[in-house]
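# Results of the structural survey
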Amino acid sequence: MTTETRYPPFDPELGAALAVLAEVSPPTITPEMIPAMRTGNPALAIDDDAFDAAGLERRDVEIPGYRGDAIIVSIVQARGRTGTGPGIYHTHGGGMIIGDRWTGIAGLFGWILKHNAVAVTVEYRLAPEFPDPVPVEDCYAGLAWTAEHAAELGIDPDRLLIAGGSAGGGLAAGTALLARDRGGPRLCGQLLMYPMIDDRDTTVSTRQIDGVGVWDRTSNLTGWTALLGDRRGGDDVSIYAAPARATDLSGLPPAFIDCGSSEVFRDEDVAYASAIWAAGGDAELHVWPGGFHAFEGFAPQAALSQKMLAARDNWVDRILGS
């Protein structure tokens, strides 16, 4: 009888990309690696040339975050944009510990242009220096600011979508719960890309993806411990920090949830969609066979990546009314 941990096989095309990636980026992140990862990952950077090439412009605004502390949000829109269109509020990924408001922003470019949308991306403060509830409260503060300034931003308040990937997906889900429970901004949808939503480390998928892929079990524990400290996995964790803990998912905007079959977040993401359905809500779920975490970002030309991106595009088109 073997004790070897088994996990769904990686898609062959993605597996080849993962082998190349493993030479420059380890699957496991430990706490002592956080400072270097914040300064030494050029893949997370995006410069003005990328916005210019896409026909976009951006500007920064300082707003009050959690407890009134200053944070930055950035507004991204088509150059010379006029009129009113949807708003896309963006919460970036990075395991709660790395990244900035530009991480993953290029994934929104097509929607901004196609829908004449305005994107607002928030520079929430990172753990462990700023533990829970600072990150999700910063995100909520940015959403509230966006809704309050919708008219001057040219945003239709009935078409305000929240979107985030990985930790940003978890923060988007937590922010949507806060908006529901506080009677806050109305959201037309929540786009949760492979969201990080469960701190408890109890699923089959978290045991399977250990020492392999991208963002493995130890990395996940690193991120959650940075955010929650000794509370991680215990009883004193709010649903806004770890939305998988929510027992009532009624009254939420339509959700889109995707993930790979070969990533830590698979089981918690499937369970979240199921809980939305159980509450009578609207959720579209995609589990991409053989996909590792965030595979479409690391291997965008792979066939499976193209299918993942197309599914998101189709959902956004429906939600924003195009």
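Scroll up a little and you will see the structure.
Notes on the structure in this doc start here.

Conventions and cut-offs
Residues numbered from 1 in each chain as written. Predicted model: local features only at pLDDT ≥ 70, side-chain atom pairs only at ≥ 80, totals over all residues. Heavy atoms only, no water. Helix = DSSP H or I, 4+ residues; strand = E, 2+ residues; numbered from the N terminus. Buried < 20%, exposed > 50% of the residue type's maximum accessible area, 1.4 Å probe, protein only. Phe/Tyr/Trp six-rings, centres within 6.5 Å; stacked < 30°, edge-to-face > 60°. Lys NZ or Arg CZ within 6 Å of the ring centre and 35° of its normal. Pairing = 2+ DSSP bridges. Right-handed = clockwise from strand over helix to strand, strands pointing away. Axes fitted to C-alpha atoms, helices over the stretch in contact; angles between N-to-C directions. Contact = heavy atoms within 4.5 Å. Core = buried A, V, L, I, M, F, W, Y, C linked by side-chain atoms within 4.5 Å.

## Things to note about unusual backbone geometry
In this structure, Pro128 follows Ala127 across a cis peptide bond, with omega equal to 5 degrees. Tracing the chain through its elements places Pro128 in the loop between strand 4 (118-122) and helix 5 (134-148). The linkage connecting Asp132 with the following residue, Pro133, adopts the cis geometry, with an omega of 15 degrees. Here Met96, not a glycine, exhibits a phi torsion of approximately 75 degrees, which is positive. The exposure class of Met96 is buried, given its relative accessible area of 1%.

## Observations concerning the packing of aromatic side chains
If you walk through the whole model with that rule in mind, you get seven aromatic pairs. Between Tyr7 and Phe10, the ring centres sit 5.5 Å apart and the planes meet at 50 degrees, which makes this aromatic pair tilted. Plain terms: the ring middles of Phe256 and Trp315 are 5.6 Å apart, the flat faces sit at 50 degrees to each other, and that makes the pair tilted. Placement of Phe256 in strand 7 (residues 255-260) and of Trp315 in helix 12 (residues 303-320) is noted, with a sequence separation of 59 residues between them. Accessibility assignment for this pair places Phe256 and Trp315 in one class, buried. Members of the aromatic cluster, each reached through a chain of ring pairs, are Tyr7, Phe10, Phe292, Phe295 and Phe298. The positively charged end of Arg58 is found above the aromatic ring belonging to Trp102, 4.5 Å away from the centroid. A cation sits over an aromatic face here: Arg125 above Phe130, 5.2 Å from the ring centre.

## A look at the pairing of strand 3 (residues 85-91)
Within strand 3, seven of the seven residues are buried, which leaves the element mostly enclosed by the surrounding structure. Two elements, strand 3 and strand 5 (residues 155-165), share six bridges in a ladder whose sense is parallel. Across the sheet, the residue bridging to Thr91 is Gly164, located in strand 5. Crossover connection from strand 3 via helix 4 (residues 109-114) to parallel strand 4: handedness right-handed.

## Details of the sheet that holds strand 4
Taken in spatial order, the eight strands of this open sheet run 1-2-4-3-5-6-7-8, and their pairing is mixed. Single-partner strands in this sheet number two, and they are strand 1 (56-64) and strand 8 (283-288). Pairwise comparison of adjacent strand axes, ignoring direction, gives a mean angle of 20 degrees for this sheet. Relative to strand 8, strand 7 is paired through six bridges, and the arrangement is parallel. What sits directly across from Gly260, in strand 8, is Trp288. Contacting strand 3, strand 5 and strand 6 (189-193), helix 7 (residues 167-181) crosses the sheet at an angle of about 140 degrees to strand 5.

## Comments concerning the nonpolar core
Membership of the largest hydrophobic core comes to 99 residues, with the highest contact counts inside it found for Ile88, Val120, Trp145, Leu161, Leu191 and Tyr272. For this core, the leading source of residues is helix 7, giving eight residues. Those residues within four positions of Ile88 in sequence are excluded, and the remaining contacts are Leu108, Trp111, Ala117, Val118, Ala119, Val120, Leu161 and Ala163.

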